[in-house]
Amino acid sequence: QRALWAERPLLAGKYISMDTADASTSNDIRAHLSAPDAAFEPEITSHMFAFLQSGGTRSEIIELIAKGHQGYAQQAELYAMWLRELGVPEEEICSVIHDVVRTELERAFDADKARTVFDRWKSPPQWIGELLRDANWRQVVYSLSDRNPDCRMLNFMIRMITVHGYQHEIRSARTASLFFEVRSRAMCALD
């Protein structure tokens, strides 16, 4: 009997079967495993299983992931520690980190990857609620939603924002229409 993980998604909407894996598929998997900070990507487990199924070894996986390790999260923590030691107030440190992360997130956001992650959720992860309680991160969600109006993850987050009473922050017509949709459903449910 074939193992459940013998066929896993390699990329959003694209499945690979290790029975028919070829050299280009193996190279694609290698590229994913050696990408910068690949260890933190949501698809990493699928890529590791696919690599093993295509004849790769565990030690090769470790080597590939280590080769691409950039350590951005660790670098950010180190910079924050240095700023604390220099006497920079915590609020200012958080603001700087937020601005850098926001800029990078807005630059690199991929609606297709977000959809893939969202489609795998059985229930929203805890970090969603924590993120949406912060006004700065809600602004990031609004900005990303305006640029990616068909992204299900962002639309879900907008609905959650309105459910938690922050609809007064929504400025754009597209985002506001989502709020109207949520309110209409609630009103219809009362009838």
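Residues numbered from 1 in each chain as written. Predicted model: local features only at pLDDT ≥ 70, side-chain atom pairs only at ≥ 80, totals over all residues. Heavy atoms only, no water.

### Side note on the overall build of the protein
Here is the rule we go by: Runs of E in the DSSP output that reach at least two residues are strands. Runs of H or I that reach at least four are helices, and both are numbered from the N terminus. The cut-offs for exposure are 20% and 50% of the maximum accessible area for each residue type, with area from a 1.4 Å probe on protein chains only; residues under the lower value are buried, those over the upper are exposed, and the others partly exposed. Surface exposure here means Shrake-Rupley accessible area, sampled with a 1.4 Å probe, where a residue is shielded only by the protein chains that are shown.
Looking only at helices and strands, one finds ten helices and two strands in the protein. Listing each helix as α and each strand as β along the protein from the N terminus yields β-β-α-α-α-α-α-α-α-α-α-α. A burial count over the protein gives 30% of its 191 residues as buried. Taken as a whole, the protein presents about 12500 Å² of accessible surface, with 56% of it coming from carbon and sulfur.

### Some remarks on helix α4 (residues 72-85)
To keep things clear, this is the line we draw: The span you would expect from a helix comes to 1.5 Å times its residue count less one.
The terminal C-alpha atoms of α4, which comprises 14 residues, lie 20 Å apart, in line with the 20 Å expected from a rise of 1.5 Å per residue. Immediately downstream of α4, the backbone of Gly87 shows phi near 90°, a positive value.

### Some remarks on the packing of helix α6 (residues 111-120) against helix α9 (residues 152-163)
Stated precisely, the cut-off is as follows: Inter-axis angles, ranging from 0 to 180 degrees, are taken between N-to-C directions of lines fitted to C-alpha atoms, where helices are fitted over the stretch in contact. Any two residues having at least one pair of non-hydrogen atoms within 4.5 Å are treated as being in contact. Only Asp, Glu, Lys and Arg are considered charged in this grouping, and only Ala, Val, Leu, Ile, Met, Phe, Trp, Tyr, Cys and Pro are considered nonpolar; every other residue, Gly among them, is considered polar.
Put simply, α6 and α9 touch, their axes get as near as 7 Å, and they point 65° apart. Contacts between α6 and α9 involve Ala114, Arg115, Val117, Phe118 and Asp119 on the former and, on the latter, Arg152, Met153 and Phe156. Residues of the contact of α6 with α9, tallied by class, amount to five nonpolar, no polar and three charged.

### Considering the environment of Gln139
Within the secondary structure layout, Gln139 lies in helix α8 (residues 135-147). For Gln139 and Glu169, which are 30 residues apart along the polypeptide, the C-alpha to C-alpha distance reads 8.3 Å.

### Details of the side chain of Arg138
What counts, and what does not: We define a polar contact as two N or O atoms separated by no more than 3.5 Å, with the added condition that, inside protein, one atom must be a possible hydrogen donor and the other a possible acceptor, whereas residues neighbouring each other in sequence contribute only through side-chain atom pairs.
Structurally, the position occupied by Arg138 is in helix α8. What makes Arg138 buried here is its relative accessible area of 3%. Looking at Arg138, its side chain comes within polar contact range of the main-chain oxygen of Leu132, at 2.7 Å. Every residue in contact with Arg138, bar those within four places of it in the chain, is listed here: Leu131, Leu132, Arg133, Ile161, Tyr166 and Glu169.

### Here's the deal with the layout of surface pockets
Which parts of space are left empty comes out when a probe the size of a water molecule is rolled across the atoms. Definition in use: Only protein atoms enter the 1 Å grid used here, on which a cavity is any set of points holding a 1.4 Å probe that cannot leave and a pocket is any open set flanked by protein within 12 Å on both sides along at least five of seven lines; residues with an atom within 4 Å of a point are listed as lining. Grid points are joined across faces, edges and corners, and a volume is the space filled by probe spheres set on the points.
Estimates place the volume of the largest pocket at around 1900 Å³. In this structure, the largest pocket is lined by 45 residues; those nearest its centre are Phe40, Glu41, Glu104, Leu105 and Ala108. Secondary structure elements with two or more residues in the lining of the largest pocket: β1 (7-11), α4, α5 (90-108), α6, α7 (126-132), α8 and α9. For the lining of the largest pocket, the element with the most residues is α5, which contributes nine residues.

### Some thoughts on the environment of Ala73
Along the chain, Ala73 turns up in helix α4. Given a relative accessible area of 56%, Ala73 falls into the exposed group.

### Quick look at the packing of aromatic side chains
The condition that has to hold: What counts as a ring pair is set by centres within 6.5 Å for rings of Phe, Tyr and Trp (its six-membered ring), and what kind of pair is set by the plane angle: stacked under 30 degrees, edge-to-face over 60, tilted for all other angles.
Enumeration according to the criterion identifies five aromatic pairs in this entry. Ring geometry for Phe118 against Trp121: centres 5.3 Å apart, planes inclined by 65°, an arrangement best described as edge-to-face. Ring centres of Trp121 and Phe156 lie 6.4 Å apart, and the angle between their planes is 70°; this geometry places the pair in the edge-to-face category. With Trp121 in the loop between α6 and α7 and Phe156 in helix α9, this pair connects stretches of sequence that are 35 residues apart. What makes Phe156 buried here is its relative accessible area of 19%. Within the aromatic cluster, the residues linked to one another by ring pairs are Phe118, Trp121, Trp127 and Phe156.

### Quick look at the side chain of His98
Relative to the helices and strands, His98 is located in helix α5. Sequence-distant contacts of His98, defined by excluding residues within four places in its chain, comprise Asn136, Trp137 and Val140.

### Focus on the confidence of the model for the protein
Note: predicted coordinates in regions of low pLDDT should not be interpreted at a detailed level. The condition is simple: Values of pLDDT, the confidence the predictor places in each residue, fall between 0 and 100.
Mean pLDDT over the protein works out to 79, with 76% of the residues at or above the 70 mark. Mean pLDDT values over the elements of the protein span from 38, in β1, up to 91, in α8. Here residues 1-21 is a poorly scored stretch, pLDDT under 50, and it has 36 contacts once near neighbours within four places are set aside; other chains count.

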